[in-house]
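Observations on the three-dimensional arrangement
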Amino acid sequence: MSVETESISRQALLEIANQMIKQHDGYLAGMEANDVIQQGNVLVFRGPWFLDDEGLPSAKTTAVFNVFKSLAVALSSRYHLA
């Protein structure tokens, strides 16, 4: 069974994603999606990762990953990039 998704511009999708980020339980101040690409049927969101002073992942990096993953799950089933 094939599920059709709605075509959406990158900018419109980022606006929706950033609204969702601010409402997410894992939200941290400064967390935002500033880019999105499509890999197959999956939307992949990108943004600041909160690396430490040595450029290594910090505890906040896991939170960002989890929020971006939830965006991919929620929005990939509804939209595809125009």
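The structure displayed is predicted, hence computed values, not measured ones.

Definitions and limits used
- Residues numbered from 1 in each chain as written.
- Predicted model: local features only at pLDDT ≥ 70, side-chain atom pairs only at ≥ 80, totals over all residues.
- Heavy atoms only, no water.
- Phe/Tyr/Trp six-rings, centres within 6.5 Å; stacked < 30°, edge-to-face > 60°.
- Helix = DSSP H or I, 4+ residues; strand = E, 2+ residues; numbered from the N terminus.
- Buried < 20%, exposed > 50% of the residue type's maximum accessible area, 1.4 Å probe, protein only.
- Core = buried A, V, L, I, M, F, W, Y, C linked by side-chain atoms within 4.5 Å.
- Contact = heavy atoms within 4.5 Å.
- Salt bridge = Lys/Arg side-chain N within 4 Å of Asp/Glu carboxyl O.
- Axes fitted to C-alpha atoms, helices over the stretch in contact; angles between N-to-C directions.
- Parallel < 35°, antiparallel > 145°, perpendicular 65-115°, else oblique.
- Left-handed = near helix turned anticlockwise from the far one by under 90°.
- Nonpolar A, V, L, I, M, F, W, Y, C, P; charged D, E, K, R; others polar.
- Pairing = 2+ DSSP bridges.

Overall, the coordinates contain one aromatic pair when judged by the stated rule. Measuring from centroid to centroid gives 5.8 Å for W49 and F68, while their planes differ by 70 degrees, and the two rings are edge-to-face. Of this pair, W49 sits in the loop between β3 (42–46) and α2 (59–76) while F68 sits in helix α2; the two residues are 19 residues apart in sequence, bridging distant segments of the chain. Classification of W49 by relative accessible area gives partly exposed; the value is 33%.

In terms of nonpolar packing, the biggest core is built from 17 residues, with L13, L43, F45, F68 and L75 touching the most fellow members. Looking at this core, the elements with two or more residues in it are α1 (10–23), β3, α2 and β4 (79–81). Looking at this core, the element that brings in the most residues is α2, giving five residues. Among residues more than four places away in sequence, those in contact with L13 are I8, V36, L43, F45, L75, Y79 and L81.

On to the environment of P57. Summarising the element assignment, P57 is placed in the loop between β3 and α2. Not counting residues within four places of it along the chain, the set of residues in contact with P57 comprises L51 and D52.

Time to look at the pattern of salt bridges. As enumerated under the stated definition, the model contains one salt bridge in all. As a salt-bridge pair, R10 and D35 come within 3.5 Å of each other at their nearest N and O atoms. Remark: D35 occurs in strand β2 (residues 35–39) and R10 occurs in helix α1; sequence separation between them is 25 residues.

Running from N to C, α1 and α2 point in directions that differ by 125 degrees, and their axes come no closer than 11 Å. The orientation of α1 with respect to α2, classified from their angle, is oblique. The element α1 and its partner α2 pack so that their crossing is right-handed. Counted together, L13, I16, A17, M20 and I21 of α1 and V67, F68, L71, A74 and L75 of α2 form the full contact between these two elements. When grouped by side-chain class, the residues that make up the contact of α1 with α2 number ten nonpolar, no polar and no charged.

This part covers the pairing of β2. For β2 and β3, the ladder comprises five bridges, and the chain directions are antiparallel. For Q39, the partnering residue across the bridge sits in β3 and is V42. Connecting the antiparallel pair β2 and β3 is a turn made up of two residues, with G40 showing a positive phi of about 65 degrees.

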